[in-house]
Amino acid sequence: QEFGTLGFECTLEEVDLEDITKNQTNTIKACTSEDPGSKCLQGIYEDLNAYRAELKNFNDQKVLAKIDEMMKVSIS
């Protein structure tokens, strides 16, 4: 049997797909609107912050450092 893109051997039915960004800015809508501006960047920042909190449990400093680097984008 072939492995999925994340290297885990499982089906979608076996994975708990919780939306950890459901109470935040809808990034897709904000970034595809006619005038995305700072709402798009704010949504991306909020998403990265939520993902960082979840990924912190894996204790992979390289991944966390890359997320921190992406979060340094200035939102004006």
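About the criteria used
- Residues numbered from 1 in each chain as written.
- Predicted model: local features only at pLDDT ≥ 70, side-chain atom pairs only at ≥ 80, totals over all residues.
- Heavy atoms only, no water.
- pLDDT = per-residue confidence, 0-100.
- Helix = DSSP H or I, 4+ residues; strand = E, 2+ residues; numbered from the N terminus.
- Polar contact = N/O pair within 3.5 Å; in protein donor to acceptor, adjacent residues only side chain to side chain.
- Contact = heavy atoms within 4.5 Å.
- Axes fitted to C-alpha atoms, helices over the stretch in contact; angles between N-to-C directions.
- Parallel < 35°, antiparallel > 145°, perpendicular 65-115°, else oblique.
- Left-handed = near helix turned anticlockwise from the far one by under 90°.
- Nonpolar A, V, L, I, M, F, W, Y, C, P; charged D, E, K, R; others polar.
- Salt bridge = Lys/Arg side-chain N within 4 Å of Asp/Glu carboxyl O.
- Buried < 20%, exposed > 50% of the residue type's maximum accessible area, 1.4 Å probe, protein only.

Q: Where do I start with the confidence of the model for the chain in this structure?
A: The predicted coordinates should not be examined in detail at positions where pLDDT is low. When pLDDT is averaged along the chain, the result is 75, and 66% of the positions lie at 70 or above. Mean pLDDT values for the elements of the chain range from 81 in helix H1 (residues 27-32) up to 89 in helix H3 (residues 61-70).

Q: Is there a simple way to explain the side chain of Arg-52 in this structure?
A: Within the secondary structure, Arg-52 sits in helix H2 (residues 37-55). A polar contact of 2.5 Å, which involves the side chain of Arg-52, links it to the side chain of Asp-68. In contact with Arg-52, other than residues within four places in its own chain, are Leu-64, Ile-67, Asp-68 and Met-71.

Q: Where do I start with the packing of H2 against H3 in this structure?
A: In helix packing, the relevant descriptors are the interaxial angle and the interaxial distance, both defined with respect to the helix axes. Between H2 and H3, whose axes approach to 10 Å, the crossing angle comes to 165 degrees. Viewed along their axes, H2 and H3 adopt a mutual orientation that is roughly antiparallel. By crossing handedness, the relation of H2 to H3 is classed as left-handed. Across the interface between the two elements, Leu-48, Arg-52 and Leu-55 from H2 touch Val-63, Leu-64, Ile-67, Asp-68 and Met-70 from H3. Here the residues of the contact of H2 with H3 sort into six nonpolar, no polar and two charged.

Q: Looking at this model, I keep getting lost on the side chain of Thr-27. Mind explaining?
A: Here Thr-27 is to be found in helix H1. Setting aside residues no more than four positions away along its own chain, Thr-27 makes contact with Cys-40, Gly-43, Ile-44 and Asp-47.

Q: Which parts of the structure should I look at to understand the environment of Cys-31?
A: Relative to the assigned elements, Cys-31 resides in helix H1. Between the C-alpha atoms of Cys-31 and Gly-43, which are twelve residues apart in sequence, the distance is 8.3 Å.

Q: Which parts of the structure should I look at to understand the pattern of salt bridges?
A: Oppositely charged side chains may form a pair once their charged atoms are brought near each other. A complete count under the given rule lists one salt bridge for this structure. Residue Arg-52 is joined to Asp-68 by a salt bridge in which the shortest nitrogen-to-oxygen separation is 2.5 Å. Taken together, the positions of Arg-52 in helix H2 and Asp-68 in helix H3 put the pair 16 residues apart, joining distant regions of the chain. Under the relative-accessibility criterion, Asp-68 is labelled partly exposed at 31%.

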